[in-house]
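Residues per chain, in single letters:
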Amino acid sequence: MTTTTLDRTVEIRNRIQTRNARIGIVGMGYVGLPLALLFSEERFVITGFDVDRRKVDTLNQGGSYIVRIPGEEIESARKNGFTATADYARIAEMDVVIICVPTPLNENHEPDLSYVTGTVKSIAPHLQEGQLIILESTTYPGTTEEVVVPLLEEGNQAGLKLARDAGSAGFYVAFSPEREDPGNDTVARRDIPKVVGGCGPAALNLASAVYASIFNRTVSVSSPAAAEMTKLLENIYRCVNIALVNELKQLCMRMDIDIFEVIDAARTKPFGFQAFYPGPGLGGHCIPIDPFYLSWKAKEFDFNTRFIELAGQVNLAMPYFVVENVIEAMSQQGKALHGARVLVLGMAYKRDIDDLRESPSLTIIELLQKRGAHVEYNDPFFPTVGQGRKYALNMASTPLEKIAEFDCVVIVTDHSQYDFAEIVNKAKLVIDTRNATKGIKADNIVRC
Ligand SMILES: NC(=O)c1ccc[n+]([C@@H]2O[C@H](COP(=O)([O-])OP(=O)(O)OC[C@H]3O[C@@H](n4cnc5c(N)ncnc54)[C@H](O)[C@@H]3O)[C@@H](O)[C@H]2O)c1
């Protein structure tokens, strides 16, 4: 007897409630792995899919490759049935599949959806009647309906089609953005409301039921495109406001006003103001990248996203601004950057995390080297930095004991384990791009 799709939605909901639903998470990275652990804590049996066999092997041996996730958490997930695999055939065993693969930009600053399309093409041949597929990767509005659904429909031999209503045959698709803020422990992950948009009411209800088992609140929107746009609005809001304070910082420096003092005063206003802080440039997988997903899509509608473009210009110029300040400060000391020894403090794109994707440190090091400086770095989270898609550093972290040997120390990431008073004390010259030396009075500090 064949199970009807109507039966399947009821069945999956029951299986979610009884924790018997099989959940597959594709992409065991910074987003997918913590999500897998969250479901596992709620006693779901989770299968993690990844094309990186080293990650799969590490997880299956109870190990972790993300600093803030201790191996013990993987071990206890394994006791709840968590396994990792590179075998897409096992998608067929899942009730729910959640996709958390990268969405970077290509060389021309355009969306690179190849990881998403590659993943969906790999899932499609194993798609099952009544399965729910959820995309979590950040992307432009329209991706779920225009890219994911057609690839799933074309790629399965059974001829399965998208089911919009519980009574129709086929599979279900939804989009739900990830809202994690790495390194921010002020809000428990389950207290971050989960936005969900479904391709039809059945997918929305099913996806909401899945997430309601691990998040305290789910927020339904009317379509996947609205959910995709929600994520972009959140990140563009940050990007534009950071650009605003980055620009005002440059004006404040000319006017001899401390921008950080101004922001701290402004944030005492109990309404209508949210504090954003200037820095050496944007970093991470989200803020420098996601806005360009929207500006690219907007062109299809003959629309120019001017705020995004302007914010991009200001933020991209920040590493150059830092290097200009290094040159100026050194020349004040009668030194040239060419041939000087410069130590960059912090490779991670922000404090206390082990992620250097799009980190401004990478650009700053490249710019300093181009100008003839001998550059080294220190970062407690990165004993070595090899090669990435956009860099080839092949360096090892220099011990802080050597700080006095450098002509200039540039604070790019204000990791909390740094003792900045000690650093200022030992260094010949400190360029502080993070206000890390706040309150320290010394002639060798330049804040920029
Ligand atoms: N990192 C964050 O803080 C964050 C926050 C919000 C949203 N996001 C978004 O979430 C998505 C994932 O980001 P991330 O930081 O977890 O990326 P990541 O690079 O840490 O992890 C992605 C994983 O996907 C795997 N992968 C790539 N192609 C695959 C394929 N075809 N099949 C199976 N696995 C594959 C990679 O090996 C990797 O382990 C991105 O769209 C990102 O923009 C990230």
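Just so it is clear, the model here is predicted, and its values are computed rather than measured. (Residues numbered from 1 in each chain as written. Predicted model: local features only at pLDDT ≥ 70, side-chain atom pairs only at ≥ 80, totals over all residues. Heavy atoms only, no water.)

Asks: Explain the nonpolar core to me, please; I cannot follow it from the model alone.
Replies: Among soluble globular proteins, nonpolar side chains are generally buried collectively. Core analysis: the largest hydrophobic core is formed by 41 residues, its most contacted members being Ile23, Ile25, Leu33, Phe39, Phe82 and Ile98. Those residues in contact with Phe82 that sit more than four places away from it in its chain are Met28, Leu33, Ala36, Ile46, Gly48, Leu59, Ile74 and Ala77. Counting residues in hydrophobic clusters, the runner-up holds 35 residues, among them Met347, Ile364, Ile365 and Ile431. (Core = buried A, V, L, I, M, F, W, Y, C linked by side-chain atoms within 4.5 Å. Buried < 20%, exposed > 50% of the residue type's maximum accessible area, 1.4 Å probe, protein only. Contact = heavy atoms within 4.5 Å.)

Asks: What am I meant to see in the pairing of strand S5 (residues 132–135) here?
Replies: Each regular strand carries side chains that alternate between the two faces of the sheet. Across the two faces of S5 the burial is the same, with Leu132 and Ile134 and Ile133 and Leu135 all buried. In this structure, strand S4 (residues 96–99) lies alongside S5, joined through 4 bridges in parallel fashion. In the strand pairing of S5, Ile98 is matched with Ile134. Read from S4 through helix H5 (residues 114–123) to S5, the crossover connection turns out right-handed. Strand direction decides the pairing type here: S5 and strand S6 (residues 172–175), joined by 4 bridges, are parallel. Within S6, the position partnered with Ile133 by the bridge is Val173. Between the parallel elements S5 and S6, the chain passes through helix H6 (residues 143–155) in a crossover that is right-handed. (Helix = DSSP H or I, 4+ residues; strand = E, 2+ residues; numbered from the N terminus. Pairing = 2+ DSSP bridges. Right-handed = clockwise from strand over helix to strand, strands pointing away.)

Asks: Would you take a moment to explain the packing of helix H2 (residues 32–41) against helix H4 (residues 71–79) for this structure?
Replies: For any two helices packed against each other, the geometry is given by the interaxial angle and the distance between the axes. It is the contact of H2 with H4, at a shortest axis distance of 10 Å, that shows an interaxial angle of 50°. As the angle between them shows, H2 and H4 are arranged oblique. For H2 against H4, the interelement crossing comes out left-handed. On H4, the residues that touch Leu33, Leu37 and Ser40 of H2 are Glu73, Ile74 and Ala77. Across the contact of H2 with H4, the residue classes break down as 4 nonpolar, 1 polar and 1 charged. (Axes fitted to C-alpha atoms, helices over the stretch in contact; angles between N-to-C directions. Parallel < 35°, antiparallel > 145°, perpendicular 65-115°, else oblique. Left-handed = near helix turned anticlockwise from the far one by under 90°. Nonpolar A, V, L, I, M, F, W, Y, C, P; charged D, E, K, R; others polar.)

Asks: Could you clarify how one ought to interpret the site of the ligand in this entry?
Replies: Around the ligand sit 26 residues, and of these Val31, Asp50, Lys55, Tyr88 and Thr103 come closest. At a separation of 2.6 Å, an oxygen atom of the ligand approaches a polar side-chain atom of Asp50. For the ligand, the accessible surface in isolation is 830 Å², of which the surrounding protein chains cover 92%. Here the residues of the shell around the ligand are counted per class, giving 12 nonpolar, 7 polar and 7 charged. (Near = heavy atom within 4 Å. Polar contact = N/O pair within 3.5 Å; in protein donor to acceptor, adjacent residues only side chain to side chain. Areas by Shrake-Rupley, 256 points an atom, 1.4 Å probe, with all protein chains shown as cover.)

Asks: How should the side chain of Asn444 be read in this particular structure?
Replies: Along the chain, Asn444 falls in the loop between strand S14 (430–432) and strand S15 (445–447). Classification of Asn444 as buried rests on a relative accessible area of 14%. Non-local contacts of Asn444, meaning those with residues more than four positions away in its chain, are made with Val424, Ala427, Lys428, Leu429 and Val430.

Asks: Please clarify how the sheet that holds strand S7 (residues 194–198) should be interpreted in this entry.
Replies: Backbone-to-backbone hydrogen bonds join strands into a sheet, with any given pair of strands oriented parallel or antiparallel. Pairing is mixed across the open sheet formed by 8 strands, whose spatial order is S3-S2-S1-S4-S5-S6-S7-S8. Taken across any chain shown, the strands that pair with only one partner, and hence form the sheet edges, are strand S3 (83–85) and strand S8 (218–221). Taken pair by pair, the neighbouring strands of this sheet meet at an average axis angle of 25°, ignoring direction. Looking at chain direction, strand S1 (residues 22–26) and strand S2 (residues 45–49) are connected through 5 bridges and run parallel. Counted as the bridge partner of Ile25 is Gly48 from S2. The sheet strands contacting H5 are S1, S4 and S5, and the helix crosses S4 at an angle near 160°.

Asks: Is there a simple way to explain the sheet that holds S15 in this structure?
Replies: The strand order across the open sheet built from 5 strands is S10-S9-S13-S14-S15, with neighbouring strands paired in parallel fashion. The outermost strands of the open sheet, each flanked by one partner alone, are strand S10 (374–378) and S15. Looking at each pair of strands side by side, their axes are set apart by 20° on average, direction ignored. With 3 bridges joining them, S14 and S15 adopt parallel strand pairing. Residue pairing for S15: Val430 is matched across the bridge by Ile445. The sheet strands contacting helix H12 (residues 318–332) are strand S13 (408–411), S14 and S15, and the helix crosses S13 at an angle near 150°.

Asks: Hey, could you run me through a negative patch on the surface in this one?
Replies: Together, Glu41, Glu72, Glu73 and Glu75 make up a region of like negative charge exposed at the surface. Take the negative patch: its biggest share by element is 3 residues, from H4. The topology assignment puts Glu41 in helix H2. (Patch = residues over 30% accessible without salt bridge, like charges linked within 9 Å, V, L, I, M, F, W, Y side chains within 5 Å. Salt bridge = Lys/Arg side-chain N within 4 Å of Asp/Glu carboxyl O. Lys, Arg positive; Asp, Glu negative; His and termini not counted. Charge placed at Lys NZ, Arg CZ, Asp CG, Glu CD.)

Asks: Help me understand the packing of aromatic side chains in this model?
Replies: Aromatic ring pairs are defined here through the distance separating the ring centres and the angle between the ring planes. Under the counting rule described, the total for this entry stands at 8 aromatic pairs. Ring centres of Tyr211 and Phe215 lie 6.1 Å apart, and the angle between their planes is 55°; this geometry places the pair in the tilted category. Of the two residues, Tyr211 and Phe215, neither departs from the other in class, the shared state being buried. With a centroid separation of 6.3 Å and an interplanar angle of 10°, the aromatic rings of Phe260 and Tyr277 are classed as stacked. Of the two residues, Phe260 sits in helix H9 (residues 259–266) while Tyr277 sits in the loop between H9 and helix H10 (290–299), which places them 17 residues apart along the sequence. For Phe260, a relative accessible area of 11% corresponds to the buried category. (Phe/Tyr/Trp six-rings, centres within 6.5 Å; stacked < 30°, edge-to-face > 60°.)

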